[in-house]
Amino acid sequence: MSAHWYTYPSADLAAQAGSRQILLHLEQALAGHSTASLAISGGSTPKLMLQHLAKAKFDWSRVHLFWVDERMVPPTDADSNYLLAEENFIKPARFPHRNLHRIQGELRADIAAEHYAVEMEEFFGLSAGELPHFDVIHLGIGADGHTASLFPGEPLIEDRKSMAAAVWVEKLSKWRVTLLPGVLLNARHVLMLVAGADKAEALKTVTEGAYEPLRYPAQLVAHHSRHLTWCVDREAASLVTA
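A brief look at the structure comes next.

### Details of the sheet that holds strand β6 (residues 136-139)
With respect to topology, seven strands assemble into an open sheet ordered β1-β10-β9-β6-β2-β3-β5, the strand pairing being parallel. Here the strands that pair on one side only, and so sit at the sheet edges, are β1 (2-8) and β5 (100-101). By the bridge criterion, two bridges tie strand β3 (residues 63-67) to β5 in an arrangement that is parallel. Its bridge partner lying in β5, L65 is registered against L100. In the packing of helix α6 (residues 200-208) onto the sheet, contacts are made with β1, β9 (190-194) and β10 (227-233), and the angle to β10 comes to roughly 155°.

Have a look at this one:
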């Protein structure tokens, strides 16, 4: 495992750096293969990162785009992670629609999760029991220490064999579909983008606190990713001692 930590004065600069990291790892992946795979998360700071990606002079025709998680809403809904990406990245970058692999949030959560797993199996050419190797997975941390849609207390935090699942988020009283820990930890590169003073306590606990992934799911990634890059703004990093 290797980890690199970078702190920036603002959320926008952290997001810009995150976009550069993603482009670097995609270029490396494409140097040896015909296609590369990227999975993205939603949120306000990721929105900034997606806007920077959209401005990049990059050939997206060989990149396939997936989602880390999704809310159970249609792709036209304001809460949709797909819509966030479409408005801030896919349309302005003219990303090829044939390379999009969205989670179908308009379906029932368990059915959407099953469809998503099948799509990953087909794209990655997986045999039974195999997990995909994403070239890059982009993640964040919630103020409660969650990552993806793996919230504190979620039993699937201990699942290392499945690819995707429907999860009931008790604090929101809503269903979501999320990639599971085995997939997150199997990625060749993980980018953790964290910004804002409201994340400071969680970031300190995730990186420096006792290892309790059932309470702080982002610790799974922080402790076990094979190649992890942190792009953090000054406010989020304010309590971290390292």
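### Some remarks on the pattern of salt bridges
Any two side chains of opposite charge can pair, so long as their charged atoms come close to each other. Tallied over the full model, the rule gives six salt bridges. Two residues, E208 and K204, come together in a salt bridge whose shortest N-O distance is 2.8 Å. In this pair, E208 and K204 both sit in helix α6, four residues apart, roughly one turn of the helix. Look at E208 and you get partly exposed, because its relative accessible area is 32%. In this structure, E212 and R215 form a salt bridge, with 3.4 Å as the shortest nitrogen-oxygen distance. Classification of E212 as partly exposed rests on a relative accessible area of 30%. Taking the relative accessible area as the measure of exposure, R215 reaches 46% and is therefore partly exposed.

### Topic: the environment of E158
Structurally, E158 is set in the loop between β6 and β7 (164-169). Remark: the alpha-carbon pair of E158 and P217, spanning 59 residues in sequence, is separated by 9.7 Å.

The rules behind the values
- Along each chain, residues carry numbers from 1 onward, in the same order as the chain's sequence is written.
- Totals for whole chains, interfaces and linings use all residues, but because this is a predicted model, local features are given only for residues with pLDDT of at least 70 and pairs of side-chain atoms are given and counted only at 80 or more.
- To get the side-chain values, take all heavy atoms of the structure and skip hydrogens and water.
- Strand pairing is assigned whenever DSSP identifies at least 2 bridges connecting the two strands.
- Strands are runs of DSSP state E lasting at least two residues, helices are runs of H or I lasting at least four, and both sets are numbered from the N terminus onward.
- In what follows, residue pairs with any heavy atoms lying within 4.5 Å of each other are defined as contacts.
- Angular values range over 0 to 180 degrees, each being the angle between N-to-C directions of two axes fitted as lines to C-alpha atoms, with helices fitted over their stretch in contact.
- Salt bridges, as used here, are contacts in which a Lys or Arg side-chain nitrogen is within 4 Å of a carboxyl oxygen on Asp or Glu.
- Summary of the burial criterion: residues with accessible area below 20% of their type's maximum are buried, those above 50% are exposed, and those between are partly exposed, where the area comes from a 1.4 Å probe applied to protein chains only.

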